[in-house]
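Chain by chain, the residues:
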Amino acid sequence: MTGPVVAAIDCGTNSIRLLIARRDETTGRLIDLERHLEMVRLGYGVDRTGRLDPAAIARTLDAARRYRQLIDHHGAEMIRFVATSATRDAENRAEFIDGIRGILGTDPEVISGAEEAELSFRGAVTTLPDLPVGPRLVIDIGGGSTELVLGTDLPTARISLDMGSVRLTERHLHSDPPTEAEIAAATADIDALLDRAAQEIDLSVPTALVGTAGTVTTVTAVALGLTEYREDATHGAVFEIPTAVEHCLSVLRQSREERTTHRIIHPGRIDVIGAGALIWACILRRVAAESSVATVHTSEHDILDGLALSVLESLGA
């Protein structure tokens, strides 16, 4: 007899992602039934206008309709839908929330950065059993925000920073490829925010560093030289930090045309992956300078897995 099937949807600044899963009754781990991503760029222009673009809302609602069909096909008992940075920031978020409610029959949750961080931490570390013992620092780079979470089995410190691949591209990286002056300005912004993060999180204590979400997994796939995207290759991948930084800076300085030669970079990330890679490089260098951590682990599992686990627990499964 199998346990209940649940659905989790994470709607961020750049993408909307779906996980339909159930729990393995022997191991307690999630079993994926469906895992999908669509690049809808919901957060396009929010940093500048303070409002969600009508075309972006329409793209996102279309994706939600396709996800609804998959959810119905698998007979999911409960859906949890969370919206993150772009929706938190938008003046017209009610229009988007009403649309999602009409399609999925559930109220979207505009979660706080703190809860987003906790869910990402849980999803990432539960699927990497070989991490070193001690405090783990999990980094989740999104389109509009970046979460840093420190903890061993559960988070003990967390912060959400207003920097992400879309937000940083719109603010600074306008040239193709970005100029050194643009990179310097973006780096200054990132470093200033990391200074703020260091007041909340002791960056000297981690024994392990874990990166998750699209920027990190994409750069990992590039570093591995994959010609087609394979989660079984990227999940659990380990790099020396200087090597990981080198790959980040390589992606950053490529033109958009050069990035398209990497078949594993999703077309919807081509114009913003450079900014995400710069954020990741700055974080890697900062952690390496302040702690004894020498390597970085990639996790394909993140907030979606944390969401699915929270739904299953609410059902007593």
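Anyway, here's the lowdown on the structure attached to this text. (Residues numbered from 1 in each chain as written. Predicted model: local features only at pLDDT ≥ 70, side-chain atom pairs only at ≥ 80, totals over all residues. Heavy atoms only, no water.)

This brings us to the nonpolar core. The biggest cluster of nonpolar side chains holds 49 residues, and the ones touching the most others in it are Leu137, Leu148, Leu209, Trp280 and Leu284. Looking at this core, the elements with two or more residues in it are strand E6 (136-141), strand E7 (146-151), strand E8 (155-161), helix H7 (180-200), helix H8 (214-223), helix H10 (241-253) and helix H12 (273-290). For this core, the element with the most residues is H12, which contributes 11 residues. Within the second largest apolar cluster, 28 residues are counted, among which are Val40, Ala76, Phe81 and Phe96. (Core = buried A, V, L, I, M, F, W, Y, C linked by side-chain atoms within 4.5 Å. Buried < 20%, exposed > 50% of the residue type's maximum accessible area, 1.4 Å probe, protein only. Helix = DSSP H or I, 4+ residues; strand = E, 2+ residues; numbered from the N terminus.)

Glancing now at the pairing of strand E1 (residues 6-11). In terms of burial, E1 is a largely internal element, six of the six residues being buried. Here E1 shows two buried faces, one formed by Val6, Ala8 and Asp10 and the other by Ala7, Ile9 and Cys11. In this sheet, strand E2 (residues 15-23) lies alongside E1 in antiparallel orientation, the contact comprising six bridges. Directly across from Ile9, in E2, lies its bridge partner Leu18. Hairpin connection of E1 to E2: three residues between the antiparallel strands. Where E1 lies against strand E4 (residues 78-83), six bridges are found, and the strand directions are parallel. Its bridge partner lying in E4, Ile9 is registered against Phe81. (Pairing = 2+ DSSP bridges.)

In this section: the sheet that holds strand E11 (residues 295-299). Taken in spatial order, the six strands make up an open sheet running E8-E7-E6-E9-E11-E10, and their pairing is mixed. Of all the strands in the sheet, just E8 and strand E10 (238-240) have a single pairing partner and so form its edges. For this sheet, the mean inter-axis angle between neighbouring strands, taken without regard to orientation, is 20 degrees. Note that E10 and E11 share three bridges and pair antiparallel. Paired with Phe239 across the bridge in E11 is Val296. On the sheet, H7 packs against E7 and E8 and is oriented at approximately 160 degrees with respect to E8. Running at roughly 110 degrees to E11, H8 makes contact with E6, strand E9 (208-212), E10 and E11 of the sheet. (Axes fitted to C-alpha atoms, helices over the stretch in contact; angles between N-to-C directions. Contact = heavy atoms within 4.5 Å.)

Bringing the sheet that holds E2 into the picture now. Spatial strand order, E3-E2-E1-E4-E5: five strands in an open sheet with mixed pairing. What marks the edges here is a single partner per strand, and that holds for strand E3 (30-39) and strand E5 (109-110). Bridge count for E2 against E3 is nine bridges, and the pairing is antiparallel. Within the sheet, the bridge partner assigned to Arg17 lies in E3 and is Leu37. The sheet contacts of helix H2 (residues 54-74) involve E1, E2, E3 and E4, and relative to E2 the element is tilted by about 10 degrees.

Quick look at the environment of Pro54 now. Mapping Pro54 onto the fold places it in helix H2. Owing to a relative accessible area of 59%, Pro54 belongs among the exposed residues under this scheme. A sequence separation of 209 residues divides Pro54 from Arg263, and the C-alpha atoms of the two residues are 30 Å apart.

Turning next to H2. Over its 21 residues, H2 extends 31 Å from the first C-alpha to the last, a length consistent with the 30 Å expected when each residue adds 1.5 Å. Listing the buried residues of H2 in full gives Ala56, Ile57, Thr60, Leu61, Ala63, Ala64, Tyr67 and Ile71. For H2, the buried positions fall inside an angular range of 165 degrees around the axis, keeping them on one side. Counted as exposed and oriented over 90 degrees from the buried face of H2: Pro54, Gln69 and His73. Where H2 is buried, its residues meet E1, E2, E3, E4 and helix H4 (93-104). Of the residues one or two after H2, Gly75 is the one with positive phi, at around 65 degrees. (Expected span 1.5 Å × (residues − 1). Arc of directions from axis to C-beta.)

Every other side chain in a regular strand lies on the same face of the sheet, so the side chains alternate between the two faces. Among the six residues in E6, six count as buried, and that is most of the element. Two strands pair when backbone bridges link them, and E6 and E7 are joined in this way by six bridges, in the antiparallel orientation. Within E7, the position partnered with Val138 by the bridge is Val149. The loop that links E6 with its antiparallel partner E7 comprises four residues. In this sheet, E9 lies alongside E6 in parallel orientation, the contact comprising five bridges. What sits directly across from Val138, in E9, is Val210.

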